[in-house]
Amino acid sequence: MTSAAQFSPATSSFWNDTGKSGITSWVFSTDHKRIGLLYLYSVLTFFLIAVSLGALLRIELMAPGRTIMGPQTYNAVFTVHGVLMIFLFIIPGFPGAFGNLIMPIQIGARDVAFPRLNLFSWWLYIAGAAIIVTSLFTGGGPPDTGWTFYVPFSERTGTNVSLAVFGVFIVGFSSILTGVNFVTTIHRLRAEGMRWGRLPLFVWSVYATAWVQILATPILGITLVLILAERVLGTGLFDPTKGGDPLMYQHLFWIYSHPAVYIMILPGMGVISDIIPVFARKPIFGYKMIAFSSLAIAGAGSLVWGHHMFTSGMSDNAVLIFSFLTFVVAIPSAIKVFNWVSTLYRGSISLEAPMLFALSFILLFSIGGLAGLILGAAATDIHVHDTQFVVGHFHYVIFGGAGFAFFGAMHYWLPKFYGRRYHERTAVIAWALLFVGFNITYFSMMVLGMEGMPRRYYDYLPEFAPLNLVSTIGSWIMISGLILMMVNLFRGLFRGEAIGQNPWGGATLEWSVPTPPPTENFIEEPVVTHGPYDFKGAGIP
Amino acid sequence: MTQPTHKDYAGAKLGMWLFLFSEMLLFGGLFLLYGVYLARYPQEFTTASRHMHLFFGTLNTAILITSSMLVAMALTAIQRNQRRLTLWLLGGTIFCAAVFMFNKYLEWSDEFGRGIYPNSPKLAAGPPGESVFYGLYYLTVGLHGLHVLVGGTVLTVVAVRVWRGDVHAGDYIWLENGALYWHLVDLFWIFIFPLYYLVL
Amino acid sequence: MSSDSHAPHIVGYGKLIAVWLGLLFFTGLTVWVSRQQTGIGHVWGSLAISVVKSGLVITFYMHMRHEGWLLRSLLFVALLTLAIFIGFTFFDVLYR
Amino acid sequence: MYPNPLTTTQAVDPVFKFILGVCIVLLVGITLTMIAFVIRYHRSRSPEPTSQASGNVWLETVWIAFPTVLVLAMFWFGWEGYLSLRNVPKNALKVTATARQWSWSFTYDNGKTSSKLYVPVGKPVLVNLVSLDVLHGFYLPAFRVKHDVVPNMKNHVWFVAEKSGSYDLFCSVYCGTGHSGMITSVEAVPPAQFETWLNQRGGAEHAGKELLEKHGCLGCHTLDGTPKVGPTLKDIWGRSVTVLTNGKERTITVDDRYLRRSILEPKADLVKGYPPVMPSFKGQITDDDIKTIINFLHAGGEAAPKPDGAKLAREKGCLACHSLDGSSGVGPTFKGLYQKRLTVLQNGIRMTITADDTYLRESILKPKAKIVEGFQPVMPDFSDLKTDEVQALVEFIEGVK
Ligand code: HEA
Ligand code: HEA
Ligand code: CUA
Ligand SMILES: [Cu+2]
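Residues numbered from 1 in each chain as written. Chains lettered and ligands numbered in written order. Predicted model: local features only at pLDDT ≥ 70, side-chain atom pairs only at ≥ 80, totals over all residues. Heavy atoms only, no water.

A. How the structure looks around the overall build of chain D. When you go through chain D residue by residue, the secondary structure sums to 10 helices and 16 strands. Computed over C-alpha atoms, the radius of gyration of chain D comes to 30 Å, more than 25% over the 21 Å expected from 2.2 N^0.38 for 401 residues, which places it beyond the range of a compact globule. Seen through its C-alpha atoms, chain D measures out along the principal axes to roughly 95 × 70 × 55 Å. Counted over contacts in chain D with a minimum sequence separation of 6, partners at least 24 positions apart contribute 57%. Summed over its atoms, the accessible surface of chain D is roughly 20,000 Å², and 58% of this surface lies on carbon and sulfur atoms. (Helix = DSSP H or I, 4+ residues; strand = E, 2+ residues; numbered from the N terminus. Rg over C-alpha atoms; globule rule 2.2 N^0.38 Å. Contact = heavy atoms within 4.5 Å. Areas by Shrake-Rupley, 256 points an atom, 1.4 Å probe, with all protein chains shown as cover.)

Next up, the structure:
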């Protein structure tokens, strides 16, 4: 790797070598690392709010009938839970936090291509988030439409849908700008020797994600504008009484929102592809296929949106085609899973926290993804569509997949930026609690869905009671794990044991710079001479 | 480092193009709806588009095409270091934008006067296809108008920078990107015009 | 200013004016075509003309002619995506 | 693969079994391999990697081809099953399901409406789906069918009930506050019984109540005094309510004019504490119907008209076991039962009691508590009856002299 990278005293790093301090040195900073941390803290804030709402949902569903809230409140809670999780946590989270923190260093750049635009994106994100939060307390109260904002209900409900939708629009704009920034960065700012074939897989996945952000998000933008127009001007484009077609709304919404699920998972897959080789001390198996499958998922993933509409009254031909394409997207995901598992073969595996998260990612994502196949087949989707089975599916892929990858990334990379690390044994305990609680919570939901319990149900028939109770209890185990994990992680970052430049023995560029990295990342311009997983080439024992 | 973190000309242009792609998709959503509803209500769309002001539509098309040429010339001018000419050409472009908006204003006030606006009683009483047509028309053209305003503002800023000498033959990326944006606004209109004014 | 290897291309005024005349001509043509009685074919006819017009704008005014393969292919990808979004929706709309 | 599945369930279940089976095998395989690798190549056992392989063309080809074949099979079976769900048998009975926030109503060819979907066992049923407001979803888990109910769009589903019984019918598409309460059932009954039911006119006790059901009022209002999405309609006439008129609060007494306005322009006076979600019924409800409803609400001071004991006794099947003419059946006759002295066994202890109100009520709700001497303890318990229904039955029995 860069032979010139020197150990510099930790006293001079991006934390302090700008000469400025105080809050303004953060919220007006154009340094990608500072912006990354800003994103990290903002998305975590919304994550914790949304997670608490999720816990409330589970408590309400603990027993049939009213437990702690009425139906209207319940509807608002799951809507806000979904909106915060999707639009304010998981979509901006990966590109915003880790894309910013890691990607420029991994390609050997000093910063992203448009640092000021980057800052502007964060501000837009905050503005949009502020609008969404405002919408909860003003007007007709928090929106109660579900995160999908389906018409005509969303046109007619008296709750504050307009403002919420506007907030999401702004956040979407921020996401587009981030995408533009990242694609440009990866095209233009790779260090000397950083050929496409040497890009770390995380960079590949961020690249694929950025394209989805650029090409799909605008469709969400226009869809939200249309809802606003429906509500404010009464244009009636989706209103069946005025000649509009509610199904067109669903098409537009899913044209964005299906690719968006790959915005959530792709960077997660990238993280896993970076963690596994390091902790198995072996080059990743099938680098090219993994890199290519990221692009394939992003591309083919844009063609399958109709699988959310099998029961909607869409034409049978469309069902045929969208079901077929849905199965096609499963293939690149399968390729990745097989390659990850093969990487373990004849390696030297160390089960530290990041690796535990990565391995459990493979398992949970596979369960969620295989459940996705049941949803993708037309006949079976008819039965489980809009039931708790779907809820189980997407929590497995989003939380078990993207979420676990996010936690893994926090354990893997954050110490690099803080210079200190968490307590290992506690992290493993927290992981175990999360993992066990997770499966209890969401597996029960999948079974409930198979038995026929619809989703977005505040109340249910007595026959569904036992599994709901099990699921709720599982969520408490998960909660204890999550709290333990967060406390341990952040306590460690500020007070834990100090770490050196390359604590895990990684071969990608971020491990070749001092810990924490200096403002301009590299003390001397890096010249890349080996691949991202070539541990020998990097001289790592 | 050799990386040109400051002026990466090709990078800036790439970024602009990427942004333009996302704009295309933004309008694309509306074109998608147009296509679907045209397929469903061909008759109503035809009748409704007959009531559009073909004169204003054609005039505005010509104006936008002209403005597009002017801004392209402004780029040539700055590359040739003809600062004064650049300013005139930019001024011409912005003037065209203003005329375009003024025409829109006339056209819309006339249509409002005839009781055609979203959710108007007249449209509600008519066949659903027509109200869908006008709903789409107002949204598409409204969004386009917004882009004209933004584009005009951007070009004004660029003009000021040219005038102050920040944008010059050695560094004209601002002008080039502003021009790209303006051409895109023109491109959208090239499609809006036949779709709304000429469907027979 | 630029790290590009190739020098910026300057498009002469004459060419710009020629393109302008072409665009005006096509505008006239599309209006004229639409006044002929040829039924739904118009939509396709006028769209075809619009495609030619936008091709002119992109190639000359937006300098696509002088850009490398990268930008060209990216533009192609973006347009293809849009076409797919529109086209696939019709799998539903046409056969309902 | 499934040439002519007889029922929708038979069309879907094999697909489930196939896909689930493949998924479980794959998942178990992947998990075990992973665990085996982790154990075998753990750093404690394998301090150094023993391979630096970074790819293998053959292996990689295999795992592109292998999933491709599997998913194509899944896709195809899924599609075949779906086609069976779409191809409605020719002889299907037609019913229209009307969904509104938040109730279902079913209309049969002869104009009969009902709030439960009665179907004959063994005969395919085609349900046409109509929505009066927002999206709803028609979901019958037992038959694996589901379809969205979209305003202004012609959608349908079909199914066959193979066994008689009661099956849950859910609203699957989120439709607002009352979404989870938008539940009813499919009642599959033997064809003969179905015919009888279908041709029975005016089943409901009161025309007014039938109208409330038909127009979906009971999706949001109750007749038993508990508030639902809207205020209860029990004892509404003459009640004083606080309403918001143009944002101003005022208190009014409910009279005919107010009731009529509440139905036609619900937004004019909003009852305080309730969301403004009631749709206007202008143009959907005839003037006669409104009059009938208002009349019903007048009289229905105590709301639901008293249930008819005689009818209940017949419908609930009491008379199958108890006679009215003094003859002894499976159970004792009702004739002269009231105030009779009876010998009963309670927990095996013999005692003599008088058949009074309390005793009769207990016998209906908990028949096993006291068994009349000489009879078998076979009476099912009817604890699902409503209090007023039990009362009506008791009164009916008292009347059989
Ligand atoms: C991170 C987010 C994420 C991801 C990655 C996915 C991935 C997939 N999803 Fe999911 N999905 C959601 C988030 C996500 N989904 C959400 C949020 C919803 C609900 C939205 C709402 O209505 O609110 C949803 C809903 C949803 C539906 C609609 C359900 C309904 O409403 O009726 C469908 C239907 O086809 C579907 C399918 C799939 C498929 C086939 C994949 C595939 O990409 C999965 C591929 C993965 C694998 C296949 C597993 C790994 C591979 C192996 C173990 C190897 C062996 C595999 C083979 C041999 C094939 N998803
Ligand atoms: C990133 C995505 C994400 C994540 C991580 C989660 C996480 C959780 N969600 Fe999910 N959920 C969605 C996205 C997500 N959700 C979406 C998109 C929907 C659909 C909405 C719709 O239908 O429109 C949904 C819907 C949904 C439902 C279905 C509602 C219904 O259909 O009726 C339920 C029900 O149980 C639920 C529960 C949970 C639970 C228990 C968690 C658990 O992960 C939460 C576990 C809880 C903890 C681990 C809490 C621990 C922490 C604290 C209590 C705070 C402590 C504070 C500090 C430390 C400061 N969610
Ligand atoms: Cu009706 Cu949900
Ligand atoms: Cu999807």
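What follows continues from the structure just given.
B. Quick peek at the interface of chain A and chain D. In this complex, chain A contributes 87 residues to the contact, which on the side of chain D involves 73 residues. In total, about 6,800 Å² of surface goes out of reach between chain A and chain D, with carbon and sulfur atoms giving 70% of it. Among the residues chain A hides against chain D, the three largest losses belong to Phe338(A), Arg346(A) and His383(A). Together they make up 9% of the total. Counting across the chain A and chain D interface gives one salt bridge. With a shortest N-O distance of 3.1 Å, Arg86(D) and Asp316(A) are connected by a salt bridge. Inspection of the region where chain A meets chain D yields 28 residue pairs in polar contact (both at pLDDT 80 or more). Elements with a contribution of two residues or more to the side of chain A that touches chain D: α3 (71–106), α5 (153–156), α8 (246–280), α9 (287–300), α10 (316–344), α11 (353–376), α12 (378–384) and α14 (424–451) of chain A. Counting residues per element, the side of chain A that touches chain D draws most heavily on α10(A), at 16 residues. Partitioning the side of chain A that touches chain D into residue classes produces 51 nonpolar, 23 polar and 13 charged. (Buried area = accessible area lost by both parts, 1.4 Å probe. Salt bridge = Lys/Arg side-chain N within 4 Å of Asp/Glu carboxyl O. Polar contact = N/O pair within 3.5 Å; in protein donor to acceptor, adjacent residues only side chain to side chain. Nonpolar A, V, L, I, M, F, W, Y, C, P; charged D, E, K, R; others polar.)

C. Quick look at the site of ligand 1. Neighbouring ligand 1 are 35 residues; Tyr262(A), Asp381(A), His385(A), His393(A) and Arg455(A) lie closest to it. Those residues lying near ligand 1 are distributed over chains A and D. The separation between an oxygen atom of ligand 1 and a polar side-chain atom of His385(A) is 2.5 Å. Note that an oxygen atom of ligand 1 is positioned 2.9 Å from one of the side-chain N or O atoms of Arg455(A). (Near = heavy atom within 4 Å.)

D. Local environment of the site of ligand 2. All names here are of chain A. Around ligand 2, the structure places 29 residues, and the nearest of them are Tyr 74, His 81, His 395, Phe 399 and Arg 456. Note that a nitrogen atom of ligand 2 is positioned 2.7 Å from one of the side-chain N or O atoms of His 81. Between a nitrogen atom of ligand 2 and a side-chain N or O atom of His 395, the distance comes to 2.7 Å. Across the shell around ligand 2, the residue classes tally to 20 nonpolar, six polar and three charged.

E. Just the coordination of the iron atom of ligand 2, in detail. Residue and element names in this part refer to chain A. Coordination of the iron atom of ligand 2 by the protein comes from His 81 (NE2) and His 395 (NE2), over a distance range of 2.0 Å. Each of the six donor atoms bound to the iron atom of ligand 2 contributes to angles spanning 85 to 179°, and the resulting shape is octahedral. A residue pair is termed long-range when its members are at least 10 positions apart, and His 81 in helix α3 and His 395 in helix α13 (residues 388–418) qualify at 314 residues. In this structure His 81 comes out as buried when scored by relative accessible area, which is 13%. (Donors = N, O, S within 2.8 Å, 3.2 Å for Na, K, Ca; no water. Tetrahedral: all angles 85-135°; square planar, octahedral: opposite > 155°, others 65-115°. Buried < 20%, exposed > 50% of the residue type's maximum accessible area, 1.4 Å probe, protein only.)

F. Representation of the nonpolar core. Residues Phe98(A), Met410(A), Phe21(B), Leu117(D) and Phe138(D) are the most contacted members of the largest nonpolar core, which totals 383 residues. No other element matches the 22 residues that α8(A) contributes to this core. Contacts of Phe21(B), omitting those with residues within four sequence positions, involve Trp211(A), Ile214(A), Leu215(A), Leu74(C), Leu75(C) and Ala78(C). (Core = buried A, V, L, I, M, F, W, Y, C linked by side-chain atoms within 4.5 Å.)

G. Examining the arrangement of the chains more closely. With five pairs of chains in contact overall, the greatest share of contacts is found between chains A and D. When C-alpha atoms are compared, chain B and chain D, though not in contact, are closest at a spacing of 12 Å.

H. Focus on the state of the cysteines. Enumeration over the complete set of coordinates arrives at zero disulfides over all chains. In this structure Cys217(D) is a free cysteine whose sulfur lies 8.5 Å from that of Cys220(D), the closest cysteine sulfur available. (Disulfide = S-S within 2.5 Å.)

I. The coordination of the copper ion (ligand 4), seen in detail. Residue and element names in this part refer to chain A. The coordination sphere of the copper ion (ligand 4), as far as protein atoms go, consists of His 258 (ND1), His 307 (NE2) and His 308 (NE2), spread over 1.8 to 2.1 Å. Each donor residue of the copper ion (ligand 4) belongs to the same chain, and together they define the spacing H-x48-H-H. The metal-metal distance between the copper ion (ligand 4) and the iron atom of ligand 1 is 4.5 Å. Of this pair, His 258 sits in helix α8 while His 307 sits in the loop between α9 and α10, and the two are 49 residues apart along the sequence. A residue is classified by how much of its surface remains accessible, and His 258, at 4% relative accessible area, is buried.

J. Summary view of empty space enclosed by the protein. Following the criterion strictly, the structure yields seven cavities of 30 Å³ or more and no others. What the largest cavity holds in volume is close to 90 Å³. Phe310(A), Thr311(A), Ile382(A), Tyr82(D), Leu85(D), Arg86(D), Val145(D), Lys146(D), His147(D), His156(D), Val157(D) and Trp158(D) are the residues that line the largest cavity. Elements that contribute at least two residues to the lining of the largest cavity include exactly α2 (57–86), β7 (145–149) and β8 (155–159) of chain D. The residue makeup of the lining of the largest cavity includes at least three contributed by each of domain 1 (8–42 + 61–86) and domain 2 (93–199) of chain D. (1 Å grid on protein atoms, 1.4 Å probe; cavity = no way out; pocket = protein on both sides within 12 Å on 5 of 7 lines; lining within 4 Å. Points joined across faces, edges and corners; volume = space filled by probe spheres on them. Domains from an automatic or database assignment.)

K. Structural view of the packing of aromatic side chains. Following the criterion strictly, the structure yields 103 aromatic pairs over all chains and no others. When the ring of Tyr9(B) is compared with that of Tyr172(B), the centres are 5.5 Å apart and the planes differ by 75°; the resulting orientation is edge-to-face. One end of the pair, Tyr9(B), is in helix α1 (residues 9–40); the other, Tyr172(B), is in the loop between α6 (128–164) and α7 (173–198), and 163 residues separate them in sequence. Note on Tyr172(B): relative accessible area 2%, which makes it buried. A cation sits over an aromatic face here: Lys146(D) above Tyr139(D), 3.8 Å from the ring centre. (Phe/Tyr/Trp six-rings, centres within 6.5 Å; stacked < 30°, edge-to-face > 60°. Lys NZ or Arg CZ within 6 Å of the ring centre and 35° of its normal.)

Read these as layout, nothing more, since geometry by itself doesn't imply function.
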